[in-house]
Amino acid sequence: MTPLDVLLWVAFPYAAAAVFIVGHVWRYRYDKFGWTTRSSQVYENRLLRIGSPAFHLGILFVLVGHLVGLLVPAEWLEAIGISHEMYHIGATVLGTAAAVLTIVGLTILIYRRRMTGPVFLATTRMDKTMYVFLGATIAFGTAATVLYQVFGAGYEYRGTVGPWTRSLIVFQPQPELMTTVPLAFQLHVITATALFALWPFTRLVHVFSAPVGYFFRPYIVYRSRDEGRASQPARRGWEPMAPPEHRQRSRARR
Amino acid sequence: MKVMAQMSMVMNLDKCIGCHTCSVTCKQAWTNRTGVEYVWFNNVETRPGIGYPRGYEDQEEWQGGWERTRRGRLKLKAGGRFSKLSKIFSNPKLPEISDYYEPWTYEYDMLLNAPAGDHTPVARPKSLITGDDMNISWSANWDDNLGGSTATAVDDPILQHMSEHVAMEFEQTFMFYLPRICEHCLNPSCVASCPSGAMYKRVEDGIVLVDQDRCRGWRMCVTGCPYKKVYFNHKTGKAEKCTLCYPRIEVGLPTVCSETCVGRLRYLGLVLYDADRVAAAASVEDEHELLESQRSVFLDPYDPEVVRAARAEGIPEDWIDAAQRSPIWKLIQEYKVALPLHPEYRTMPMVWYIPPLSPVVDVVADSGADGEDARNLFAAIDKLRIPVEYLAGLFTAGDVAPVQATLRRLAAMRSYMRDLNLGDEPNEAIARSVGMTGTEVEDMYRLLAIAKYEQRYVIPTAHVEQAEALEELACSLDFEGGPGMGGAGPFGSSSGPAVPVAVETFHALQKRQTADRPSTPGRVNLLNWDGLGDPPEGLFPPRSSDAENPASSDSEPRP
């Protein structure tokens, strides 16, 4: 194991994870106003209507696949009756289908972004950087699947990449697991790690705004004007003031 | 009974001359920024006409507002929670910018800086979206004064819903202006559509607002609002809407659109209502009953029971007093001359309209008859089906009776006051024929025709002392990340915390005074020249002698 291996498979992932977490906290505190999907649907709808759902659904399937493949040990799946062969065929078929959906969607979206005037004008440098890393990650991942799983003999990443990921999570890093992994998989992991480091500074933050709360709140939201002001930072030297009867009410509420 | 206060507006359409002053001042105050070039929180439509955005009233197409299910419950017309989230990656019912209009500017620079040539320079229209040359083909008021209506008015959703004879009798043209702002509904479907919960109705005064820090740009509110009065800022990726000028309302000032209205046709005031009954009132089966059911939600501010309940809810004493003096309460409930816009959307809108009598008066007067005679006017109101049916399509879900009743009251007032003004004995019978007394008619006349400022706007000030927020006015230069900062945040011009207005102004001023080039090409900034010393560059053309011999300029006196 060379120092490069330690750098790539221990230091880099941890650094990326730190940037990912601290970056999100910082961005949320500093830039709530910039935290949005930055939708460009009002500029162009025809291509988006196909591309966006295809890409998003595809990438959600990909996410679920990665969670199962990386975080669930092979023995656990075997314990519930999913054999190695079953997993391999399932992962390859579903994974390829999800990859096709994602790539078709992403291709449409990137084409739209470049060729539709207003959409291209609304594209920031950060967007472009993000597209490079996102595109590279998806391309290497698909290449690895196609080369090794579809046309090759099949590569058992659940013996190397999976345990390596889990070793990072439990802070017992085992970089040696990654040294023998084929290059396509290695590149996929490296670009993905870089993407995670970029994540908090791109529009990808909208992933963490998935509006799950919508299912659980009443339709009509009421808010007091006081609440709005409470979210503002208090200014030096000023005690918040309230007329006497208001003070009584708020005390009664407590 | 849960008493809540609602700041609401009534507009007297008979007085609207369609001058667009409200739209322009509103735009100057709120939406003269990049990203909202196409947005008019206040717009004035000529009706019949297709409105802004085009055909927004066709809810079969746009799916705004609520609809009543067969089981008698309300559901969002564009779909409930699951349906909303399943469409979140691409909202199928979102208007594109082209449905509003492509905003543009003119290449003014060309007029001043064009090189000498054979032709007069022309300021070409440039798209504010793409920056390219464009052909202007639509705008927020393209069919103003029925301009081009022969081609476009057939697409007016109200006309389409009227009986077939209308299209043929359209030669008997009538028109009026309809200024529109956000309705600040009691049952707002935009708020219900927001997946992030960023939109809310303020407890104190019922103003519907978007929390810019919580909005994530899912765009469902734009679809949800049947009046299409929530807009998407394409630069910041967030929703924006009419705020009822809440910073002004909070200190007792009328909204910008009201303050600047030259016709003085807008009224602002409080209405007390029973929040517990809103949902039931919005889901009555017959659309024609929606007007009455919404009226039944409002609470009489003079009723001691209501006053007691209002106090129990913590509504301050001066707010109850303002609700009692409210012109809105008088126009909606006492004189019953104001009607809501499109009650059939079931959002319980709170900007109401006094329908215009002028189309009726015009027809009577044009026919040579006395346009101020009560009997002539009453007969015309009954006979003139087209304007009345059209108004019913706007204000009462197609029910002609309430529109006729309202117009009769306006006609009666006109006729009753004519006698008074000519020094004749007032005719009580006219007042009685519309169920009013002469005194009531005169009171209504004072409110509608004289319309004193303090009668039009009864706005109690907000009740939390805001001294600490006023610190901003002191323009503290040591503000954190303050004047040293300026410019854009790290993620483009829309990112970063909000910059206090004072700091923003400071930077704009500094930039203007230190810029190499004047901000408006061809203009000279005299603000930073005190009349002494060298005049600003560009004020005078260079002297020919300067060009030949620069040293000589020092010896000559300066202007």
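Residues numbered from 1 in each chain as written. Chains lettered and ligands numbered in written order. Predicted model: local features only at pLDDT ≥ 70, side-chain atom pairs only at ≥ 80, totals over all residues. Heavy atoms only, no water.

**Student:** Hey, could you run me through the overall build of chain B in this one?
**Tutor:** Of the regular secondary structure elements, chain B holds 26 helices and 14 strands. When burial is assessed residue by residue, chain B has 52% of its 559 residues classed as buried. For chain B, long-range pairs separated by at least 24 residues make up 70% of all intrachain contacts whose partners lie at least 6 apart in sequence. Element-wise, carbon and sulfur atoms account for 52% of the exposed surface of chain B, whose accessible area totals about 25200 Å². (Helix = DSSP H or I, 4+ residues; strand = E, 2+ residues; numbered from the N terminus. Buried < 20%, exposed > 50% of the residue type's maximum accessible area, 1.4 Å probe, protein only. Contact = heavy atoms within 4.5 Å. Areas by Shrake-Rupley, 256 points an atom, 1.4 Å probe, with all protein chains shown as cover.)

**Student:** Could you clarify how one ought to interpret the pairing of strand E7 (residues 176–180) of chain B in this entry?
**Tutor:** On a regular strand, each side chain points to the face opposite its neighbour's, so the side chains alternate between the two faces of the sheet. Residue and element names in this part refer to chain B. Most of E7 sits out of view: 5 of its 5 residues are buried. Across 5 bridges, strand E2 (residues 43–47) lies against E7 in antiparallel orientation. Counterpart to Asn43 in the pairing with E7 is Arg180. (Pairing = 2+ DSSP bridges.)

**Student:** Hey, could you run me through the interface of chain B and chain A in this one?
**Tutor:** Frequently, the measure chosen for interface size is the accessible area removed from exposure when the parts meet. Across the contact, 68 residues belong to chain B and 51 residues belong to chain A. Buried surface at the junction of chain B and chain A, summed over both partners, amounts to about 5900 Å²; 58% is from carbon and sulfur atoms. The tally of links between chain B and chain A comes to 1 salt bridge. A salt bridge links Asp211 of chain B to Arg223 of chain A; its shortest N-O distance comes to 2.9 Å. Seen at the junction of chain B and chain A, the total is 22 residue pairs in polar contact (both at pLDDT 80 or more). Residues of the side of chain B that touches chain A, tallied by class, amount to 31 nonpolar, 19 polar and 18 charged. (Buried area = accessible area lost by both parts, 1.4 Å probe. Salt bridge = Lys/Arg side-chain N within 4 Å of Asp/Glu carboxyl O. Polar contact = N/O pair within 3.5 Å; in protein donor to acceptor, adjacent residues only side chain to side chain. Nonpolar A, V, L, I, M, F, W, Y, C, P; charged D, E, K, R; others polar.)

**Student:** So what exactly am I meant to see when it comes to the side chain of Arg456 of chain B here?
**Tutor:** Residue and element names in this part refer to chain B. Tracing the backbone shows Arg456 in helix H24 (residues 453–456). Of the side chains bearing the opposite charge, Glu259 lies closest to the buried Arg456, which forms no salt bridge; the N-O distance is 6.9 Å. Within the local environment of Arg456, its side chain forms a polar contact with the backbone oxygen of Ala451, the two atoms lying 2.8 Å apart. Excluding anything up to four places from it in sequence, Arg456 contacts Arg264, Arg266, Tyr267, Leu268, Pro327 and Ala451. (Lys, Arg positive; Asp, Glu negative; His and termini not counted.)

**Student:** Help me understand the sheet that holds strand E9 (residues 208–210) of chain B in this model?
**Tutor:** Sheet strands pair by backbone hydrogen bonding; their relative direction is either parallel or antiparallel. As summarised here, the arrangement of the 3 strands in space is E1(A)-E8(B)-E9(B), forming an open sheet in which the pairing is mixed. The outermost strands of the open sheet, each flanked by one partner alone, are strand E1 (222–223) of chain A together with E9 of chain B.

**Student:** Just to check I follow, could you spell out a nonpolar patch on the surface for this structure?
**Tutor:** Residues and elements named next belong to chain A. Taken together, the side chains of Leu57, Leu60, Phe61, Leu63, Leu67, Leu71, Leu101, Ile169 and Val170 define a hydrophobic patch exposed on the protein surface, amounting to about 810 Å² of accessible area. Broken down by element, the residue count for the nonpolar patch peaks at 6 residues, all from helix H2 (residues 46–71). Positionally, Phe61 belongs in helix H2. Phe61 sits in the exposed class, given a relative accessible area of 54%. (Patch = residues over 30% accessible without salt bridge, like charges linked within 9 Å, V, L, I, M, F, W, Y side chains within 5 Å.)

**Student:** Help me out: how do you make sense of the environment of Glu61 of chain B in this one?
**Tutor:** Positionally, Glu61 of chain B belongs in helix H2 (residues 59–62). Spatially, the C-alpha atoms of Glu61 of chain B and Lys126 of chain B are 31 Å apart, while their sequence positions differ by 65 residues.

**Student:** Where do I start with the nonpolar core in this structure?
**Tutor:** One broad rule of soluble globular proteins: the nonpolar side chains tend to lie buried together. Val10, Met199, Phe298, Leu331, Phe395 and Leu407 of chain B are the most contacted members of the largest nonpolar core, which totals 155 residues. A per-element tally of this core places helix H21 (residues 400–421) of chain B first, with 8 residues. Of all hydrophobic cores here, the second largest spans 15 residues; its members include Trp9, Leu77, Tyr155 and Val189 of chain A. (Core = buried A, V, L, I, M, F, W, Y, C linked by side-chain atoms within 4.5 Å.)

**Student:** So what exactly am I meant to see when it comes to the packing of aromatic side chains here?
**Tutor:** Geometry of an aromatic ring pair is reported as the spacing of the ring centres plus the angle between the planes. Applying the stated criterion across every chain yields a total of 35 aromatic pairs over all chains. Taking 6.4 Å as the distance between ring centres and 50° as the angle between the ring planes, the aromatic pair formed by Trp26 of chain A and Phe201 of chain A counts as tilted. One end of the pair, Trp26 of chain A, is in helix H1 (residues 3–30); the other, Phe201 of chain A, is in the loop between helix H8 (183–198) and E1, with 175 residues separating them in the sequence. Judged by its relative accessible area of 25%, Phe201 of chain A falls in the partly exposed class. The rings of Tyr38, Phe41, Tyr52, Tyr100, Tyr101, Trp104 and Tyr231 of chain B are connected pair by pair, giving a single aromatic cluster. (Phe/Tyr/Trp six-rings, centres within 6.5 Å; stacked < 30°, edge-to-face > 60°.)

**Student:** Got a minute to help me understand the sheet that holds strand E14 (residues 351–354) of chain B in this structure?
**Tutor:** Spatial strand order, E12-E1-E14-E13 (chain B): 4 strands in an open sheet with mixed pairing. If you trace the sheet from one side to the other, it starts and ends with strand E12 (266–274) and strand E13 (339–340) of chain B, each paired once.

**Student:** Even after reading the chapter, I still don't get the environment of Val278 of chain B, so can you show me in this structure?
**Tutor:** Residues and elements named next belong to chain B. Topologically, Val278 is positioned in helix H13 (residues 278–282). What makes Val278 buried here is its relative accessible area of 5%. A sequence separation of 70 residues divides Val278 from Met348, and the C-alpha atoms of the two residues are 8.0 Å apart. Ignoring any residue separated from it by four or fewer positions in sequence, one finds Val278 in contact with Leu186, Asn187, Tyr273, Val297 and Met348.

**Student:** How should helix H14 (residues 290–297) of chain B be read in this particular structure?
**Tutor:** Every α-helix winds through 3.6 residues per turn, so residues three or four apart in the chain are directed the same way. Residues and elements named next belong to chain B. The buried count for H14 comes to 6 of 8 residues, which makes it a mostly enclosed element. Along H14, the residues that are buried comprise Leu290, Leu291, Ser293, Gln294, Arg295 and Val297. The secondary structure elements touched by the buried residues of H14 are E12, H13, helix H17 (327–334), E13, E14 and H21.

**Student:** Hey, could you run me through the environment of Ile459 of chain B in this one?
**Tutor:** By the secondary structure assignment, Ile459 of chain B is in the loop between H24 and helix H25 (501–514). Along the backbone, Ile459 of chain B and Arg248 of chain B are 211 residues apart, and their C-alpha atoms lie at a distance of 9.8 Å.

**Student:** I'm lost on the confidence of the model for chain B in this one. Help?
**Tutor:** A low pLDDT means the predicted coordinates there should not be read in detail. Residues and elements named next belong to chain B. Looking at chain B, pLDDT values average 85 and 84% of them are 70 or higher. The least confident element of chain B, judged by mean pLDDT, is helix H8 (residues 165–168) at 53; the most confident is E14 at 97. Across residues 465–488, where pLDDT falls below 50, the model places 33 contacts with residues more than four positions away in sequence or in other chains. This stretch, residues 550–559, has a pLDDT under 50; its non-local contacts, to residues over four places away or in other chains, come to 10 contacts. Interface scoring of the predicted complex returns ipTM 0.84; its pTM is 0.83. (pLDDT = per-residue confidence, 0-100.)

**Student:** Explain the side chain of Gln41 of chain A to me, please; I cannot follow it from the model alone.
**Tutor:** If you trace the backbone, Gln41 of chain A turns up in the loop between H1 and H2. Of the polar contacts made by the side chain of Gln41 of chain A, one reaches the side chain of Asn45 of chain A; its length is 3.1 Å. Residues in contact with Gln41 of chain A, not counting those within four places in the same chain, are Leu48 and Arg112 of chain A together with Ser90, Asn91, Leu94, Glu96 and Arg219 of chain B.

**Student:** Any chance you could explain the pairing of strand E10 (residues 230–233) of chain B here in plain terms?
**Tutor:** All names here are of chain B. Every second residue of E10 is oriented toward a common face, with Val230 and Phe232 on one face and Tyr231 and Asn233 on the other, all of them buried. Of the pairings in the sheet, the one linking E10 to strand E11 (residues 238–241) comprises 4 bridges and is antiparallel in character. When the bridges of E11 are listed, Val230 appears paired with Lys241. Hairpin connection, E10 to E11: the antiparallel pair is bridged by 4 residues, and Gly237 has positive phi, about 70°.

**Student:** I'm lost on the confidence of the model for chain A in this one. Help?
**Tutor:** All names here are of chain A. Per-chain confidence: chain A averages 86 in pLDDT, with 89% of residues scoring 70 or above. Averaged pLDDT values over the elements of chain A bottom out at 45 in helix H10 (residues 244–253) and peak at 94 in H8. Overall, residues 246–254 carries pLDDT values under 50, and its contacts beyond four positions in sequence, including any with other chains, amount to 4 contacts.

**Student:** Any chance you could explain a negative patch on the surface here in plain terms?
**Tutor:** There is a patch of like negative charges on the surface, built from Glu285, Asp286, Glu287 and Glu289 of chain B. Along the chain, the position of Glu287 of chain B falls in the loop between H13 and H14. (Charge placed at Lys NZ, Arg CZ, Asp CG, Glu CD.)

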